[in-house]
Amino acid sequence: MPVDLSLYLVTDSTPAILKGRDLCTVVEDALKGGVTVVQYRDKKSDTGDLISTAKKLHQVTQRYGVPLLINDRVDVALAVGVEGVHLGQDDMTFELAKKLLPKDAIIGISTSSIEEARKAVADGADYIGIGTMFATPTKTNTKSVIGTAGTQAILDAISDSSIGTVSIGGINHANVQRVLYQSKSPKKGLDGVAIVSAIVAADDPKASAEEFANLIKSTPVFA
Ligand code: TZP
Ligand code: MG
């Protein structure tokens, strides 16, 4: 697998989560703590602001040798020259994104059902986000909360594929090992977890990321 998905940071610039701090500083702290991939997710900024923030974030992630992905916006990814995109079911289609982006760009797809996961595999996506794992205040308009059982069913259905997999939604230090262990199907486990508030809203994002990295490393599915 080309990208290490084990500790996947998804950014959030809403005041309740970022709490007035500088996004680039928070992301750099998280990278110091061991984040392995960063997705810039910003549903509010206009295109100009998205591009300027993505450029700043890319300077930071490049220093750590970590890929930066842009949520929703293939045009912003192209403008900044980042490593890839993350697309939901209502965003640009995989086929079109693949046509527009460079050959080696990473393309991830949000999935919450077996059908969506199978389609992402058939399309040739690099990885899927599987969720929502647990209900979370960070994203309330989620289609469905699927828990570890729903996640396991999806992993089972695509177990013949080498597609990357991350779980998202309500994951914190207290539940991350259960998420990884209980979601594992006999032939396929999760490659990682995607986290928003438990890192971005943490008083110490570096310490939070470090704690996640240690918990992930010592979970049997990865050992
Ligand atoms: N997609 C499904 S849940 C979610 C997204 C973007 C938000 C997860 O945020 P948190 O704070 O890690 O629960
Ligand atoms: Mg989207």
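By the naming in an unreviewed UniProt entry, the chain is Thiamine phosphate synthase/TenI domain-containing protein, taken from Penicillium frequentans.

Chemist: Provide a residue-level description of the sheet that holds strand β5 (residues 106-111), including the pertinent values.
Modeler: Spatially, the 8 strands close up into a barrel ordered β1-β2-β3-β4-β5-β6-β7-β8, and their pairing is parallel. Averaged over all pairs of adjacent strands, the angle between strand axes in this sheet comes to 25°, irrespective of strand direction.

Chemist: Break down the pairing of strand β1 (residues 7-10) for me, with residues and values.
Modeler: Side chains Leu 7 and Leu 9 project from β1 onto one buried face, and the interleaved Tyr 8 and Val 10 project onto a second face that is buried too. Pairing of β1 with strand β8 (residues 192-195), which is carried by 3 bridges, proceeds in the parallel orientation. Looking across to β8, one finds that Leu 7 is bridged to Val 193. Alignment of β1 against strand β2 (residues 37-40), held across 3 bridges, turns out to be parallel. Each residue of the ladder has a partner; that of Val 10, found in β2, is Gln 39.

Chemist: How would you explain helix α2 (residues 23-33) if you had to name every residue and give the values?
Modeler: Side chains three or four residues apart in an α-helix point the same way, a direct result of the helix having 3.6 residues per turn. Taken together, the buried positions of α2 are occupied by Val 26, Val 27, Glu 28, Asp 29, Ala 30, Leu 31 and Gly 33. Packed against the buried residues of α2 are β1, α1 (15-18), β2, α3 (47-63), α9 (197-200) and α10 (205-217). Count one or two residues on from α2 and you reach Gly 34, which has phi positive near 120°.

Chemist: Please provide a residue-by-residue account of the UniProt feature "domain: Thiamine phosphate synthase/TenI" (unreviewed entry) in the chain, values included.
Modeler: The feature "domain: Thiamine phosphate synthase/TenI" (unreviewed entry), as given by UniProt, occupies residues 7-199 in the numbering adopted here. Helix makes up 40% of residues 7-199 and strand 19%, and the two end C-alpha atoms of the span are 11 Å apart.

What counts and what doesn't
Residues numbered from 1 in each chain as written. Chains lettered and ligands numbered in written order. Predicted model: local features only at pLDDT ≥ 70, side-chain atom pairs only at ≥ 80, totals over all residues. Pairing = 2+ DSSP bridges. Helix = DSSP H or I, 4+ residues; strand = E, 2+ residues; numbered from the N terminus. Axes fitted to C-alpha atoms, helices over the stretch in contact; angles between N-to-C directions. Buried ≥ 20, exposed ≤ 12 C-beta atoms within 10 Å, placed from the backbone. Contact = placed C-beta atoms within 7 Å. UniProt positions renumbered as here; feature names shortened; annotations may be inferred.

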